[in-house]
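Understanding the architecture of this molecule
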Amino acid sequence: MEKEYNPFMAEAIRLATENVKSGNGGPFAAVIVKNNKIIATGVNMVTTTNDPTAHAEVTAIRNACKELNSFQLDNCDLYTSCEPCPMCLGAIYWARPKSVYFGNTKQDAAEIGFDDSFIYNEIDTPIKLRKIQMKQLMSNEAKESFETWANKTDKVEY
């Protein structure tokens, strides 16, 4: 276990604790750094915004991308108070930061009631056996938007 002090992780931890004390959300915060400078932060705001996607990492990514005027976090580091959940992990991979550092583990989070293991399990479960019903509809018609994208010559790739 790494015991080295890091000011950016310290800030993520401070923001997470402050978020709990203020009553604004859960014990999670994230800091995004570029060129050794904090460019954006985010805290868990799920309950105050009634937005299940308002996790700290997602909020920080949104704020950083706005600040950078980019949909990618090129050459950025993300510091988060806890190992990212599956949703945040997906958002992180889409944002493409250089690295991610975390404080608490997903096991630590599970011990206080934030257990994401059921989502990890659902990802590997065949669609017909998942807890939320999922059924493919209009697959032929849906391909139109993909074909339009594939044939578009002036698209912005991501």
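Scroll up to find the structure this text is about.
What you are looking at is a predicted structure, and each value in this text was computed from that prediction instead of being measured. (Residues numbered from 1 in each chain as written. Predicted model: local features only at pLDDT ≥ 70, side-chain atom pairs only at ≥ 80, totals over all residues. Heavy atoms only, no water.)

A word on a nonpolar patch on the surface
- Together, Phe71, Trp94, Trp149, Val156 and Tyr158 line one region of the surface with nonpolar side chains, adding up to about 630 Å² of accessible area.
- Tracing the sequence through the fold places Trp94 in helix 4 (residues 86–95).
- Look at Trp94 and you get exposed, because its relative accessible area is 57%. (Patch = residues over 30% accessible without salt bridge, like charges linked within 9 Å, V, L, I, M, F, W, Y side chains within 5 Å. Areas by Shrake-Rupley, 256 points an atom, 1.4 Å probe, with all protein chains shown as cover. Salt bridge = Lys/Arg side-chain N within 4 Å of Asp/Glu carboxyl O. Helix = DSSP H or I, 4+ residues; strand = E, 2+ residues; numbered from the N terminus. Buried < 20%, exposed > 50% of the residue type's maximum accessible area, 1.4 Å probe, protein only.)

Some thoughts on helix 1 (residues 7–22)
- With 16 residues, helix 1 extends 22 Å between its outermost C-alpha atoms, agreeing within 8% with the 22 Å of an ideal straight helix rising 1.5 Å per residue.
- Buried residues belonging to helix 1 abut strand 1 (29–34), strand 2 (37–43), strand 3 (76–82) and strand 4 (99–104).
- In the segment just after helix 1, Gly23 is the residue with positive phi, at about 80°. (Expected span 1.5 Å × (residues − 1). Contact = heavy atoms within 4.5 Å.)

Here we look at the side chain of Gln72
- Note on placement: Gln72 falls in the loop between helix 3 (56–68) and strand 3.
- Reaching out from Gln72, the side chain makes a polar contact with the side chain of Asp74 at a distance of 3.2 Å.
- Only 2.9 Å separates the side chain of Gln72 from the side chain of Arg96, close enough to count as a polar contact.
- Once residues lying within four places of it in the same chain are set aside, the contact partners of Gln72 are Cys65, Ala95 and Arg96. (Polar contact = N/O pair within 3.5 Å; in protein donor to acceptor, adjacent residues only side chain to side chain.)

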